[in-house]
Amino acid sequence: MAFWEEKSLEQMSPTEWEALCDGCGRCCLIKLEDEDSGTLITSDVRCKLLDGDTCACTNYPRRQEIVPDCIKLTPENVRDIPWIPTTCAYRRLAEGKGLAWWHPLVSGDPQTVVDAGVSAKGRTFLETEVDPEQWEEHAVDWPEWEPPESL
Ligand code: SF4
Ligand code: SF4
């Protein structure tokens, strides 16, 4: 049995925990707050540390120092943060859904995250290159889109 099937999130080692990230980059997109309702809307503007092609954080060890509102996911907060994408491996496991077919640990190939349409690769704009006045125009719903559960 694979570790994500036999262990709870709390039981995982730091290495196992990190391996769960599918590298989609969806959680590193800037959220906009609707002034009237307070609802958070996801944009296609990416955090200044996110590489738009690899979807990797370019300074993972110092990320919280450079980006103070970068959230470190934990078994506790992954159950409470509403904006974590529904496709996120941590959220899926917390909700008892298991890992999806396109997750690299299941498929054996990181490209399936891109092929399934989950990755933010090549679909985002860098935070420092977008005029804040234009952020509203960058509201998108694709980061909440989910592929079918099976091929
Ligand atoms: S949404 Fe989840 S799986 Fe995707 S990059 Fe963020 S932490 Fe990793
Ligand atoms: S600092 Fe890194 S991990 Fe945090 S939101 Fe930005 S790109 Fe993502």
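The structure under discussion appears in the preceding block.
Reference entry: report on the structure contained in this document. Predicted model only: the values in this text are computed from it and were never measured. (Residues numbered from 1 in each chain as written. Chains lettered and ligands numbered in written order. Predicted model: local features only at pLDDT ≥ 70, side-chain atom pairs only at ≥ 80, totals over all residues.)

**Overview of the overall build of the chain**
Logical step 1: Regarding its fold elements, the chain presents six helices and three strands.
Logical step 2: Mapped from its N terminus to its C terminus, the chain presents α and β elements in the order α-α-β-β-α-α-α-α-β.
Logical step 3: Counting only residues that meet the buried cut, the chain has 24% of its 151 residues in that class.
Logical step 4: In the chain, of all internal contacts separated by at least 6 residues, the share reaching a separation of at least 24 is 59%. (Helix = DSSP H or I, 4+ residues; strand = E, 2+ residues; numbered from the N terminus. Buried ≥ 20, exposed ≤ 12 C-beta atoms within 10 Å, placed from the backbone. Contact = placed C-beta atoms within 7 Å.)

**Things to note about the site of ligand 1**
Logical step 1: Neighbouring ligand 1 are the residues Cys-21, Asp-22, Gly-23, Cys-24, Gly-25, Arg-26, Cys-27, Leu-73, Pro-85, Cys-88, Ala-89 and Tyr-90.
Logical step 2: For the shell around ligand 1, the per-class residue count stands at eight nonpolar, two polar and two charged. (Near = placed C-beta within 6 Å. Nonpolar A, V, L, I, M, F, W, Y, C, P; charged D, E, K, R; others polar.)

**Some thoughts on the sheet that holds strand β2 (residues 40–46)**
Logical step 1: Taken in spatial order, the three strands line up as β1-β2-β3 in an open sheet, and their pairing is mixed. The sheet is open, and its two borders are formed by β1 (29–33) and β3 (125–126), each paired with just one other strand.
Logical step 2: Here four bridges tie β1 to β2, and the two strands are oriented antiparallel to one another. If you follow Glu-33 over to β2, its bridge partner there is Leu-40. (Pairing = 2+ DSSP bridges.)

**Observations concerning the pairing of β2**
Logical step 1: Counting the residues in the hairpin turn of β1 and β2 gives six residues, including Gly-38, whose phi is positive at 80°.
Logical step 2: The pairing of β2 with β3 spans two bridges and is parallel. Looking across to β3, one finds that Val-45 is bridged to Phe-125.

**Some details on the environment of Glu-144**
Logical step 1: Relative to the elements of secondary structure, Glu-144 occurs in the segment after β3.
Logical step 2: We classify Glu-144 as exposed; it has 12 C-beta atoms within 10 Å.
Logical step 3: Beyond its immediate chain neighbours, meaning those up to four positions away, Glu-144 contacts Thr-42, Pro-85 and Thr-86.

**Digging into unusual backbone geometry**
Logical step 1: Within the chain, Cys-55 stands out as a residue other than glycine whose phi angle is a positive 60°.
Logical step 2: Within the secondary structure, Cys-55 sits in the loop between β2 and α3 (63–66).
Logical step 3: Overall, the presence of 24 C-beta atoms within 10 Å leaves Cys-55 in the buried class.

**Quick word on the environment of Asp-44**
Logical step 1: Locating Asp-44 in the fold gives a position in strand β2.
Logical step 2: Each C-alpha atom, one on Asp-44 and one on Trp-101, is 25 Å from the other, the two residues being 57 residues apart in sequence.
Logical step 3: Non-local contacts of Asp-44, meaning those with residues more than four positions away in its chain, are made with Leu-29, Arg-123, Thr-124, Phe-125, His-138 and Val-140.

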